[in-house]
Every structure is written in C-alpha cells, then in structure tokens.
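Structural characterization, general
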Amino acid sequence: MNISVIGLGKLGLCTAACFAAAGHHVYGYDLSDYFRNELKAHRNPIDETGLSELLMSGWDTLHIVDSYDAAVQASDATLIIVPTPSLSDGRFTNEYLITVLEGLAPAIKAKDSFHIVDVVSTVMPGSCDGIFKPLLEQATGKLCGRDFGLVYNPEFIALGSVVRNFLNPDMVLIGASDERSGSTVRELYASTCKTKPTMAVMSLVNAEITKISLNCYVTMKISYANGLAAICEQVPGADVDTITAAIGADSRVGNKYLKGGLGFGGPCFPRDNLAFQSFAEEFGGEALLGKAVVAVNNSIPERIFQKISTHCAPPAKVALLGLSYKADTHIIEESHSIMLAKLLSTVGYQVTLHDPRALDAARAVLGDHVTCTLSPYDCLSGASAIALLTDWPEYRELDWSRIAALVPAYSIVIDSWRIALDKNLSAFTYIPLGVGIPSKE
Ligand SMILES: NC(=O)c1ccc[n+]([C@@H]2O[C@H](COP(=O)([O-])OP(=O)(O)OC[C@H]3O[C@@H](n4cnc5c(N)ncnc54)[C@H](O)[C@@H]3O)[C@@H](O)[C@H]2O)c1
Ligand SMILES: O=c1ccn([C@@H]2O[C@H](COP(=O)(O)OP(=O)(O)O[C@H]3O[C@H](CO)[C@@H](O)[C@H](O)[C@H]3O)[C@@H](O)[C@H]2O)c(=O)[nH]1
C-alpha cells in the first residue's frame, strides 16, 4: 500500500519503519526540519530498541516528504501521530491534530480518489465524530464515509519495546467511519504484523473509549498489586509476589502487569487515568475505580517516605537508586522516584541520586536540592537510608559487602521490586516492599 505518516516521533517513526520494512511505500512528514533532514540522510534520530535495524531494511520504501500536500498526493491513507498533551483538567488537547487536519484538507479536497485519514494519537472520546469529522467535511466540501474515510487506530506499545509490541500485538484497535476504511486499515496491519492479532473493528467512539479504558484496566491491575503489597507489609510472613503469582495463574486474571512495586509512571498510564475520569464526568458519570487506582498509585512515594523518616531524621543522607519511571529509558515523567526525592529534600534530608540514564533529566527538574552521582557506590556512601527504586539490571548486581563498608551499620535498604531478596543483607535493616518481616522477638 501507499501510506503517509504525519509525525515521526517516538511512536510515529517506529510505525513508519514497521510498515516500510514490511514492503509498504511510506511517505513520512514531520514538522521538525532536523528530523526530516536526518531521515533523508538515512540517519535515525530516535533512540528506541530495534528501530535502527528495522530502518536498515526500510530505507528503500520510506520516503521523507516536505509538505502535507505531498504526503496526501503520494498515498491512499494518512496516519497522524502527533502529540496530544494533557490539559490541567486531565483532558487531552486536540490542538496539534487540528493543525494537521487543516493542513491535509486542501490536498484531500483536490484529490479525485477516496483518501483515509487515520488518527493514531490518543484522543478524548468524542473527538472523531464531534470535531475531526465536521472539520474535514467543512474544509474539503466532501462527505465522510463516502468521499473520504476517518479512522481511529491507536497503538498499545510500551517505550523500549515499541517495535516488538507494534509487530506482535494481541489486538489491533480500529474505529472506522465506514466499512471500506475499516477493511483497508485492517489489511494494512494484517500484512505487517508478525502475529495474527484480534482485529477489533468498531465505531469511532467505541474505539476512542476502548483505548483509554484498556490502559485504565491495566493500571487497575498494578494498583491492585500495590494495595495488596501495602497490606502484606503489615502481616508477618506475608509476601506479595507469592500471592500475585497465584492470583495471576488464574486465566480470568492473568499474570501480566500484576507486579507490586514503585507503582506506575511515565508519559501514558497516569494521564490516561485522569483523562478517563474527565471523560466520565463530562457525561455525568464518575470513574470510582479510576480514582481508587490513582489514589493507591499516588500513595507509594509517601509510603516509602514514612519508612525512611521512621528510621532516620533530617539531615541524614538518603540515597535514591533509579530515577526513570522504568528501566531502559531516560524518561522521568511522572516518576515516583522524582516525587520521593522532592518529599525528602523539602524536609531537609541530604538526597543523593544515581541512575544509569536519567541523571541529566533529574538534575534539570531537581536542581541544587539534590546531589547527582555517576556511580551507585558514590551515591550511597555514608547514607543512613538507601532506596532501590527503578529496576535497572545493574542494581541487581550490587556488591552488598562493599556497600556495608560504606554506610553506617544497619542503614535501611528499601527494596521496591525485591531485587536483593537473595543477597546477604544482615549488615542492613532490609525492607522489601510488599513483604511482612517477622518481628525479631
Ligand atoms: N510514545 C508512546 O509510548 C505512545 C504510546 C501510545 C500512544 N502514544 C500517543 O501517540 C501520540 C504521539 O506520541 P509520541 O510519543 O510519538 O510523541 P513525540 O513527541 O515523540 O512525537 C510527535 C512528533 O510529531 C511532530 N509534530 C508535531 N506537530 C506536527 C505537525 N503539525 N505536523 C507534523 N509533525 C508534527 C513532532 O515534531 C514530533 O516529532 C500521542 O498522542 C501519544 O499519546 C504514544
Ligand atoms: O506489573 C507491572 C508492570 C508495569 N508497572 C509500571 O507501569 C509503568 C508503565 O510501564 P510500561 O507499560 O512498560 O510502559 P509504557 O511505555 O508507559 O506503556 C504503557 O502506556 C502506553 C501509552 O498509552 C501504552 O500504549 C502501553 O500499552 C502501556 O503499557 C512503569 O512505571 C512500570 O514500572 C508496574 O508497576 N507493575
């Protein structure tokens, strides 16, 4: 197929590369001159696992164009993957999408053949029927479903595994204004995915609700595990991992995204939950479960703060290991580690930080209130409290006998993901989250 992709960022470029590597002709456009120039020179501007390798087999069919017109003229369908940042009330803004739709409209108007506009960016339910369809009909003088198609086709990919998730989905979600558009996008994915995913083809509004509902459901599983972890900590001998492993073995539940730990952060899950609540309220409903999920998630930095302050008072030194919202990324958006660092530094603890990739981002946000270190051992030297926060592989390899010589006796070690359970930590006061420690008496 001939398709165009508008927005070649973290998701857009991976999408374009996956389709191009599968043999489709992809015409990509990004507002950024830098991105377009790098891509024209066959250089990859995005750091994402497997993307460079994929582009190697896709350069021949990935063509970078310099205008919306060129993108529409060269293709039968245009995928739009531009930002939809959150507003203060939790809703996603359509501002960037509207700019793109207005930019595409003249070329769609001038075209004789049927053109499909496929919105991939995450949007608020009601956006396609209520805003995008009337905008396009008015700007082109054409009828949606007859003269052009409108599709909502969001992705379920996690950063760090975007390419793998894109090519191996459980389900492809396709909301369509008409059967022809739905079938075309379905074929596009069927010819690109390596698996045979469930093709969930439905109306535009149902697809919009499905996208944020699915993310909210998954965060409900995470908060369930974290609520359970907080209870287990109070019960001598209880262990959240043993319990969630058994719960997850029941196929009605499933064991994915059921790990209690530091909670969920990042650019997607937290904001999708807030958007779902705003959406429910807009239609006179109330997302009670969603509110509980957020409350459990938001309580985690405070829970760790309490454990630290019970053990040592300011200005004691506290070492935080791991700042990104998950391993293998430099992203600190909605990271619980950053929230904990702020809680601690505000009341006068000396906070030292380490992260293999997120140190610069953290420094930019936390400034002079904390000390950034390049080695985990420098970070925790002299610390009365150590918190293992992001599950980076290198923290699993820490040499605890070396650390024992660097810190006061019985410093506390808070282990969010229980990565040091099998180590000898007798020189420390070891507090794995979600585990009820039998009392010493
Ligand atoms: N990254 C993810 O993990 C992820 C996952 C699922 C859904 N999404 C959704 O996908 C959308 C894009 O996210 P992203 O992470 O790829 O964003 P991004 O910021 O990495 O990339 C967006 C790209 O769009 C370009 N752009 C902005 N305005 C433009 C315009 N008018 N014309 C052409 N290009 C324009 C920017 O230059 C940028 O390169 C968002 O709605 C997001 O919620 C992202
Ligand atoms: O059992 C688990 C699994 C994950 N997490 C946390 O959940 C967050 C999100 O992790 P992940 O899903 O790997 O990353 P994201 O890139 O945020 O991807 C999510 O957000 C995207 C944007 O909406 C969706 O497309 C994806 O399907 C969805 O997984 C991280 O803080 C993890 O530490 C847990 O606490 N427990």
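Residues numbered from 1 in each chain as written. Chains lettered and ligands numbered in written order. Predicted model: local features only at pLDDT ≥ 70, side-chain atom pairs only at ≥ 80, totals over all residues.

**Thoughts on the site of ligand 2**
Surrounding ligand 2, one finds 20 residues, the nearest of these being Ala158, Lys259, Phe264, Gly266 and Cys268. Broken down by secondary-structure element, the contributors of at least two residues to the shell around ligand 2 are helix 9 (204–232) and helix 11 (269–282). Of the residues in the shell around ligand 2, the class split is 11 nonpolar, five polar and four charged. (Near = placed C-beta within 6 Å. Helix = DSSP H or I, 4+ residues; strand = E, 2+ residues; numbered from the N terminus. Nonpolar A, V, L, I, M, F, W, Y, C, P; charged D, E, K, R; others polar.)

**Regarding the confidence of the model for the protein chain**
With 99% of its residues at a pLDDT of 70 or more, the protein chain has an overall mean of 96. In the model output, the complex is listed with pTM 0.94 alongside ipTM 0.96. (pLDDT = per-residue confidence, 0-100.)

**Regarding the sheet that holds strand 10 (residues 350–354)**
On the basis of which strands lie adjacent, the open sheet formed by six strands has the order 11-10-9-12-13-14 and parallel pairing. With one partner strand each, in any of the chains shown, strand 11 (370–372) and strand 14 (429–432) form the two edges of the open sheet. Taking the axes of each pair of neighbouring strands and ignoring which way they run, one obtains an average angle of 20 degrees across the sheet. Here strand 12 (residues 385–388) pairs with strand 13 (residues 412–415) via four bridges, running parallel. Note that in strand 13 the partner of Ala385 across the bridge is Ile412. (Pairing = 2+ DSSP bridges. Axes fitted to C-alpha atoms, helices over the stretch in contact; angles between N-to-C directions.)

**Section: the site of ligand 1**
In the neighbourhood of ligand 1, 25 residues make up the surrounding shell, with Gly7, Gly9, Lys10, Leu11 and Ser121 lying closest. Examining the composition of the shell around ligand 1, we find that three residues originate from one element, helix 5 (residues 95–110), more than from any other. Considering only residue class, the shell around ligand 1 consists of 14 nonpolar, eight polar and three charged.

**Remarks on the pairing of strand 2 (residues 25–29)**
Strand 2 sits mainly inside the fold: four of its five residues count as buried. Examined bridge by bridge, strand 1 (residues 2–6) and strand 2 share five bridges and lie parallel to one another. Bridge pairing in strand 2 links Ile3 to Val26. Crossover strand 1 to strand 2 through helix 1 (residues 12–21) is right-handed. Note: strand 2 against strand 3 (residues 62–64), three bridges, orientation parallel. By the bridge assignment, Tyr27 is partnered in strand 3 with His63. (Buried ≥ 20, exposed ≤ 12 C-beta atoms within 10 Å, placed from the backbone. Right-handed = clockwise from strand over helix to strand, strands pointing away.)

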